[in-house]
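Observations on the three-dimensional arrangement
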Amino acid sequence: MARPAHPRAGDAGMSLLQDMAAGAPPLAAKSDAALPRRRWTLPRRILAQPKGAIGLTLVVLYLLLAVFGPMLAPQDAFRQNFAQTLRPPSAAHWFGTDQLGRDVFSRVLVGARATLGIGVGGVAVAFLIGVPLGILAAWRRGWIEAVLMRAIDIMLSFPDIVFALAVVAILGANTQNVIIAVGVVAVPVFARTARAVTMSILAEPYIEGSAALGASPSRIILRHVLPNISGTLLTLSTLLFASTLLSASGLGFLGLGTQPPFPEWGTMLGESRSYIRSHPYLATFPGLFLAVSALAFNLLGEALRVIYDPTSRRGSRRAPLFAFLRRRSAAAPATAPDGDSAAGNAVSVKALRMAFRTRDGLLDVVRGVDLAIRPGRTLALVGESGSGKSTLLRAIGTLANPQEVSITQGAIGIDGESALGLPAAALRALRRRKIGVVFQDAASALNPVLTVGAQLAEAVRAGSRLDNEAVRQRCLALLKDVRIADPERRLAMYPHQFSGGMKQRIVIAIALAQDPQVLLADEPTSALDVTIQQQILVLLREIQAKRGMAVLLVTHDLGLVARFADDVAVMYAGRIVESGEVATVLERPLHPYTLALRASAPGAGEGRGQPLRSIPGEPPLIGQFPAGCTFRPRCPRTQGRPDCAEREPDPRTVSGRQVACLFAEEGLS
Ligand code: SF4
């Protein structure tokens, strides 16, 4: 099949770049549309498990009993009949009569509502207190988390029933106080679980993407965190319901629960304890109903746990947290880039230095970077892993977490506005208005529990007052912009119903929702196959041409750089060692590192069938940069020259590009 001429390689007329670009497959060779998968509802998934089917059936029966029990009771559950006391089970009294001649069967039916009501109330109390505390701890971290978690540890050190007894002893014995007592006892479990799952969700890229759209913390929690942790919390509620029932019944058994004459299964057990040997049926029936109800909720909870098992969740990582969203952007000076040089640039970075915060102090990761991107141009940032390029991209996107990284010096300007030292609200507004971010893993960048339409609408609504119809029309237009066919139908679909390429198109559509001036793309196609890579990058070029955006493309693929970027900046050990127009830099690199990168690129050098060259040696670890030129231990050009060991070369202009090598001119010969 004839390979179509490439838009950039052909223009440049560069044999090497054409060679690199030649690795690309023909466009549109493969459709990346995916057929929708069958959708499983939660009840179906529960019923598909034997224990789930049993548990759900029993729970439904118990709930019906709680609702209709008093109506089904054959006799008055409160009427005393001293002529019929302590009668064994019979046709007239299926479960016998108690010490006051009341019908036990009727009391069990009537007591279902109070018993299950205490369980529901207790779980609700625990949920409403514990979940916000857990989310707060995960979100804010620091001393708030430490104080909350220590308090919870102290609560957990007491046995449940002892703690509940103490609460009831303080508040008094009645049904409401039993609900409060059993609820408070369960608060630590909800708080701990909510904290753990929230931390996991906050580490997901779609949270970062939402933050990049300028979403407020409350919106992120309501739209992204709560829907994603609801499954785990539902499972926990079901499991805790059983233990709450048992705690409440324990209090009832001790005479501290629902007070007579109102029937409640735990209270009935307590009343029967004097007759446990002579009339065991008095305890047997309420005890049986209680035990089966606990079993039913446990089985249902176990089935839900299998469905929502957190260990099977994608990306259960525990790292970067987002307390920083409510703080200032960084402890950096609030200086704007130099006015003259920044004018007209969509992105302007000046003398930027960043350092990781560690127990041993600050470790430099970005060391004096200057770069600029003009509207409508694409700058590719290339370099090996650990060179600092993703850290730099996050700083430009105002997404660097100041708890982890400090911007110690320099300035970042986005479309003429300083992006450093801003209050949280101003930072969110800047992100929303001017910056779009496309992350590497589209699957993680989309919230799995929200439809594509909901996620697009959220991005469109951020900071605007559009009505529902206007939002919908905008969402449809965005999907058309990224070439998604049948957008009306796609809006109602979930991310799992799309292929990888389609997901990345949706991520791009979300990033474009606010018409950003700057699009940051962190390895946007590395998770895709080469055909889809090509389609996505061509799409990005077309959108960029239409909108005049500046694009910062972080990649390690020089082939992509050759085909899709206008300018390139090569990063090594936290510095830009060579930068300039792609045609200039890649056709004749002057820095030995750029030369080595080019030689190790697929398609460069010896031709097909030859093994790829690798760059000798290892890049230096952060905090362990060698003295002098950091590339010296791997540099074939230095040949032991003392100048290379004495000072780190600053970038200077050589043959139409900036290059940080003391002997760059040797590359021209
Ligand atoms: S300054 Fe010296 S060590 Fe550094 S890249 Fe140039 S020749 Fe190599």
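Counting restarts for each chain: residues are numbered from 1 in the order of the written sequence. Predicted model: local features are reported for residues with pLDDT of at least 70 only, side-chain atom pairs are reported and counted for 80 or more only, and whole-chain, interface and lining totals are derived from all residues. Water and hydrogen atoms play no part in the side-chain values, which are based on all heavy atoms of the structure.

**Quick word on the overall build of the protein**
- Along the backbone of the protein there are 25 helices and 12 strands.
- Exposure is judged per residue with a 1.4 Å probe applied to protein chains only, and the accessible area is read against the type maximum: over 50% gives exposed, under 20% gives buried, and values in between give partly exposed. Relative to its full complement of 669 residues, the protein shows a buried share of 53%.
- With an accessible surface of roughly 28600 Å², the protein has 59% of that area assigned to carbon and sulfur atoms. The helix and strand labels rest on DSSP assignments: H or I over at least four residues marks a helix, E over at least two residues marks a strand, and numbering proceeds from the N terminus. Per-residue accessibility takes into account occlusion by the displayed protein chains alone, with areas from the Shrake-Rupley method and a 1.4 Å probe.

**Focus: the sheet that holds strand β3 (residues 378–382)**
- Taking strand neighbours across the sheet as the criterion, the 8 strands line up as β6-β7-β8-β3-β9-β10-β12-β11 in an open arrangement whose pairing is mixed. Single-partner strands in this sheet number two, and they are β6 (435–438) and β11 (652–654). Along the sheet, successive strands turn relative to each other by an average axial angle of 20 degrees, direction set aside.
- Judged from the 2 bridges that link them, strand β10 (residues 575–581) and strand β12 (residues 657–659) form a sheet pairing that is antiparallel. Within the sheet, the bridge partner assigned to serine 579 lies in β12 and is glutamine 658. Strands were regarded as paired on the criterion that DSSP finds at least two bridges between them. Each axis is a line fitted through C-alpha atoms, taken for helices only over the stretch in contact, and angles between the N-to-C directions span 0 to 180 degrees.

**Quick word on the site of the ligand**
- Taken together, His591, Pro592, Cys629, Arg632, Cys635, Arg637, Thr638, Cys644, Pro649, Cys661, Leu662 and Phe663 form the complete shell of residues around the ligand.
- Each residue gets one of three labels, nonpolar for Ala, Val, Leu, Ile, Met, Phe, Trp, Tyr, Cys and Pro, charged for Asp, Glu, Lys and Arg, and polar for the others, Gly among them. Here the shell around the ligand is built from residues that sort into 8 nonpolar, 2 polar and 2 charged. Residues are counted as near a molecule or strand when any one of their heavy atoms sits within 4 Å of it.

**Looking at the pattern of salt bridges**
- We define a salt bridge as a side-chain nitrogen of Lys or Arg found within 4 Å of a carboxyl oxygen belonging to Asp or Glu. Considering all chains together, one arrives at 28 salt bridges under this definition.
- Residues aspartate 415 and lysine 434 are paired through a salt bridge, measuring 3.3 Å at the closest nitrogen-oxygen approach. Here lysine 434 lies in helix α15 (residues 424–434) and aspartate 415 lies in the loop between β4 (405–414) and β5 (417–418), a separation of 19 residues in the sequence.
- Look at lysine 434 and you get buried, because its relative accessible area is 8%.
- One salt bridge connects lysine 434 with glutamate 417, and the closest N-O pair in it is separated by 2.8 Å. You can see lysine 434 sitting in helix α15 and its partner glutamate 417 sitting in strand β5, a full 17 residues away along the chain.
- For glutamate 417, a relative accessible area of 28% translates into the label partly exposed.
- Each of Arg474, Asp481, Asp515, Lys546 and Arg547 takes part in a single network of salt bridges with overlapping partners.

**A look at the confidence of the model for the protein**
- The predicted model of the protein averages 79 in pLDDT, with 86% of residues at 70 or higher.
- Confidence scores labelled pLDDT are given residue by residue by the predictor and lie between 0 and 100. Only heavy atoms matter for contacts: two residues are in contact if any of them lie within 4.5 Å across the pair. Across residues 1–38, confidence stays below pLDDT 50; counting only partners more than four residues off in sequence or on other chains, it has 77 contacts.
- This stretch, residues 310–342, has a pLDDT under 50; its non-local contacts, to residues over four places away or in other chains, come to 89 contacts.

**Remarks on the pairing of β3**
- Counting buried positions over the 5 residues of β3 gives 5, a clear majority of the element.
- Residues Thr378, Ala380 and Val382 point to one face of β3 and Leu379 and Leu381 to the other, with burial holding for every one of them.
- Pairing geometry for β3 and strand β8 (residues 550–555), over 5 bridges, is parallel. In the sheet register, valine 382 faces β8, and the bridge partner there is threonine 555.
- With 4 bridges joining them, β3 and strand β9 (residues 567–572) adopt parallel strand pairing. In the sheet register, valine 382 faces β9, and the bridge partner there is valine 570.

**Quick word on the side chain of glutamate 264**
- The topology assignment puts glutamate 264 in the loop between α10 (217–253) and α11 (265–272).
- Of the side chains bearing the opposite charge, arginine 107 lies closest to the buried glutamate 264, which forms no salt bridge; the N-O distance is 9.4 Å.
- When residues no more than four places from it in sequence are discounted, the contact partners of glutamate 264 are Gly111, Ala114, Thr115, Ile118, Ser249, Gly252 and Thr258. Under the counting rule used here, the positive set is Lys and Arg, the negative set is Asp and Glu, and His together with the chain ends is not counted.

**Structural notes on unusual backbone geometry**
- Backbone geometry at alanine 351 places phi at a positive 45 degrees, although glycine is not the residue there.
- Secondary-structure assignment places alanine 351 in strand β1 (residues 347–358).
- The backbone of glutamine 639 sits at a positive phi, close to 50 degrees, despite the residue not being glycine.
- For glutamine 639, the location among the structural elements is in the loop between α24 (592–599) and α25 (642–646).

**Considering helix α17 (residues 452–461)**
- Burial analysis of α17 places 8 of its 10 residues in the buried class, the great majority of the element.
- Those residues of α17 lying buried are Val452, Gly453, Gln455, Leu456, Ala457, Glu458, Ala459 and Val460.

**With respect to the side chain of serine 106**
- When you line up the elements, serine 106 lands in helix α5 (residues 104–140).
- In this structure serine 106 comes out as buried when scored by relative accessible area, which is 0%.
- We call two N or O atoms a polar contact when they sit within 3.5 Å, provided that within protein one can donate a hydrogen and the other can accept it, with sequence-adjacent residues counted only if both atoms are side-chain atoms. Of the polar contacts made by the side chain of serine 106, one reaches the backbone nitrogen of glutamine 75; its length is 3.1 Å.
- What serine 106 contacts, discounting residues up to four positions off in sequence, is Ala73, Pro74, Gln75 and Ala77.

**A word on the packing of aromatic side chains**
- Each pair of aromatic rings taken from Phe, Tyr and Trp, with Trp reduced to its six-membered ring, is defined by centres within 6.5 Å and is described as stacked if the planes are under 30 degrees apart, edge-to-face if over 60, and tilted in the remaining cases. Within this structure, the stated rule accounts for 12 aromatic pairs.
- Following the ring pairs from residue to residue traces out a cluster consisting of Tyr62, Trp94, Phe95, Phe105, Trp265, Phe285 and Phe289.
- A cation sits over an aromatic face here: arginine 367 above phenylalanine 625, 4.4 Å from the ring centre. Note on geometry: a ring has a charge over it if NZ (lysine) or CZ (arginine) is within 6 Å of the ring centre and within 35 degrees of the ring normal.

**A closer look at the sheet that holds β5**
- Spatially, 4 strands are ordered β2-β1-β4-β5 in an open sheet, and the strand pairing comes out antiparallel. Only two strands of the sheet have a single partner each, and these edge strands are β2 (361–373) and β5.
- Pairing between β4 and β5: 2 bridges, direction antiparallel. Each residue of the ladder has a partner; that of isoleucine 414, found in β5, is glutamate 417.
- Taken strand by strand, helix α14 (residues 389–396) contacts β1, β2 and β4, and its axis lies near 115 degrees from that of β1.

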